[in-house]
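Chain by chain, the residues run as shown.
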Amino acid sequence: MIKSENVHDVASLPQLEGFKMIEKIGEGTFSSVYLATRKLAPDGPEETLAVKYIIPTSHPHRIATELQCLQMAGDTDNVMGIRDCVRHEDRVTIIMDYFEHDNLSDVIQDLTLEEVRDYMKNLLIALRHIHELGIVHRDVKPSNFLYNRKLGRYALVDFGLAQGMDHTMLPLLKSKSSLFPMVKPRGHDKACASFSELPAKAAKRSHMLFDGKTKGLLKKCLASQGKGTRLASYPSRKSGQRPSARALQPPHAPSPICRCFLFDRVCRTCLARREQTAPRAGTSGFRPPEVLLKYPRQDSAVDIWAAGVIFLSLLSAHYPFFRAADDLMALAQVIVLRGSLEVVAAADYFGKALLCSMECPPVQFRMLCESLRAGRRQNLGSDSESGKPPSKRARMDNFPTQSEGWTTESAAGGWNSVPDSAYDLLGRLLELNPHLRISAEASLQHEFFSIPQAHVTLTVHIAETT
Ligand code: ADP
Ligand code: MG
Ligand code: ZN
């Protein structure tokens, strides 16, 4: 079926017989996607397709997994299906229906609350479906969840990083399911406590890290180095086990105590430790705390956190929401959002001791989203007055505080009366403890998705009984 491989761009691709390549519509690390047309019969109608060329260096298992996910999970519940697959020597090409979609950053400022509700509902429907099949997508983000605003249609794509859970029904994912043992770590009965909901408990635990002695030492250490904010994480000896009191002693104690934090370099104790491994596949800004803290027992909750980050973007009209150069910076951003004591407690649960040089309380979601949204409008206004193009991004450290206020509710797109249930759901999606994070199934039952009273029609029918 494939004719040749030559020259540049569209023409340089392996040519598929009967296909007319139109243009490149997407490019990721592992593939290029093209819009193409094909006529099934010479006089028949033309169909529009998306042709995904996977780079030849992709691991065969990875390609096979992606194909199997599309085949087994696709064509239902907002998951993209597969039409064909062609292999020519080392090149695999996936052919899908073309799904016309919007770029989220182009529309995010105009979306109404109702559209956001619909978006999240459909994303969670897709996640519920794949999680039921035992698939963890691992790369949930707007560019992998195609959105056609006009038609209100959605499609989850890109299973290139997908992995299996214990109960996966996909044979190819089964071989990798050992990556996701669903057992809870031994000796962690505190798994039943939410870090975000039980600050008292978290505070008690993190006291180990912030007792007077340690605090004083850290203060001295920071002052001597002239630094404002630092973060350091170091592992306890066995992943999944709570760090021993000894491991949490201040760094002046005798070896084998870690001295990284004091000297700003990896100490000998840490160099001698076994390297910790945990799945890390995914995209910066969407990684949950269990991934950032290298907790090996990961599951579908990874996708739920990513859905929470998307929801945060939608509620605040800021995309991308997080930008971080590395995992430690990403963790610092999670700390700013969810609170230092809470993240320290989460790290403890994952068997990691996390030192945080200052305490910060969790951010209030409503305040954060409303001020960002208002700031976005202000920025847009001032930019257009100065003739400059609207600024595309705002940073976490640049939160505006003034709200402008919309004139009418209809002009506001529902943003003047965001229900508490929206922020409640957001908190459950962004729960630090993956074992307590809400599931896709449960989130679809959440009050945020129940039909607003104004839209319920009461139908009464009276029949004669005599
Ligand atoms: P990668 O693994 O390289 O990220 P994706 O499967 O995510 O590949 O595809 C990259 C981009 O191509 C997507 O973000 C989307 O814009 C576009 N794309 C992928 N599949 C389709 C499709 N079926 N219809 C339309 N566009 C698509
Ligand atoms: Mg992608
Ligand atoms: Zn160390």
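As a reminder, the structure under discussion sits directly above these lines.
Now for a quick tour of the structure. Values in this document were obtained by computation on a predicted structure and should not be read as measured data.

### Considering the coordination of the magnesium ion (ligand 2)
Around the magnesium ion (ligand 2), the donor atoms from the protein are N144 (OD1) and D158 (OD), and they sit 2.1 to 2.2 Å away. On the criterion of sequence distance, the pair formed by N144 in the loop between β6 (135–136) and β7 (145–148) and D158 in the loop between β8 (153–156) and β9 (163–164) is long-range, its members being 14 residues apart. For N144, a relative accessible area of 5% gives the class buried.

### Comments concerning the pattern of salt bridges
Under the criterion given, the structure shown has 16 salt bridges. In this structure, D139 and K141 form a salt bridge, with 4.0 Å as the shortest nitrogen-oxygen distance. On the accessibility criterion, K141 (17% relative accessible area) is buried. Shared partners join several salt bridges into a network, and the residues in it are R38, E47, R83, D84 and D97.

### Structural notes on the environment of K352
Along the chain, K352 turns up in strand β11 (residues 352–356). Distance in space between the C-alpha atoms of K352 and L293 is 7.4 Å, their sequence separation being 59 residues. Polar side-chain contacts of K352 include one of 3.1 Å to the backbone oxygen of L293.

### Structural notes on the site of ligand 1
Around ligand 1 lies a shell of 17 residues, among which S31, K52, S143, N144 and D158 are the nearest. Backbone polar atom of G28 to an oxygen atom of ligand 1: 3.2 Å apart, as the coordinates give it. In this structure, a nitrogen atom belonging to ligand 1 sits 2.9 Å away from a main-chain N or O atom of F99. Considered on its own, ligand 1 offers 550 Å² of accessible surface; in the complex 91% of this is hidden by protein. Going through the elements one at a time, β1 (19–27), β2 (31–39), β3 (46–54) and β5 (91–97) are the ones with two or more residues in the shell around ligand 1. Grouping the constituent residues of the shell around ligand 1 by class yields eight nonpolar, six polar and three charged.

### Looking at the sheet that holds β5
Reading across from one edge, β1-β2-β3-β5-β4 is the order of the five strands in this open sheet, with antiparallel pairing throughout. In this open sheet, the two edge strands, each paired with only one partner strand, are β1 and β4 (84–88). Adjacent strand axes in the sheet meet at a mean angle of 25 degrees when their direction is disregarded. In the sheet, β4 pairs with β5 via five bridges, with the strands oriented antiparallel. Note on β5: the bridge partner recorded for D84 is I95. Strands β3, β4 and β5 of the sheet are contacted by helix α2 (residues 60–73), whose axis makes an angle of about 20 degrees with β5.

Analysis parameters
- Residues numbered from 1 in each chain as written.
- Chains lettered and ligands numbered in written order.
- Predicted model: local features only at pLDDT ≥ 70, side-chain atom pairs only at ≥ 80, totals over all residues.
- Heavy atoms only, no water.
- Donors = N, O, S within 2.8 Å, 3.2 Å for Na, K, Ca; no water.
- Helix = DSSP H or I, 4+ residues; strand = E, 2+ residues; numbered from the N terminus.
- Buried < 20%, exposed > 50% of the residue type's maximum accessible area, 1.4 Å probe, protein only.
- Salt bridge = Lys/Arg side-chain N within 4 Å of Asp/Glu carboxyl O.
- Polar contact = N/O pair within 3.5 Å; in protein donor to acceptor, adjacent residues only side chain to side chain.
- Near = heavy atom within 4 Å.
- Areas by Shrake-Rupley, 256 points an atom, 1.4 Å probe, with all protein chains shown as cover.
- Nonpolar A, V, L, I, M, F, W, Y, C, P; charged D, E, K, R; others polar.
- Pairing = 2+ DSSP bridges.
- Axes fitted to C-alpha atoms, helices over the stretch in contact; angles between N-to-C directions.
- Contact = heavy atoms within 4.5 Å.

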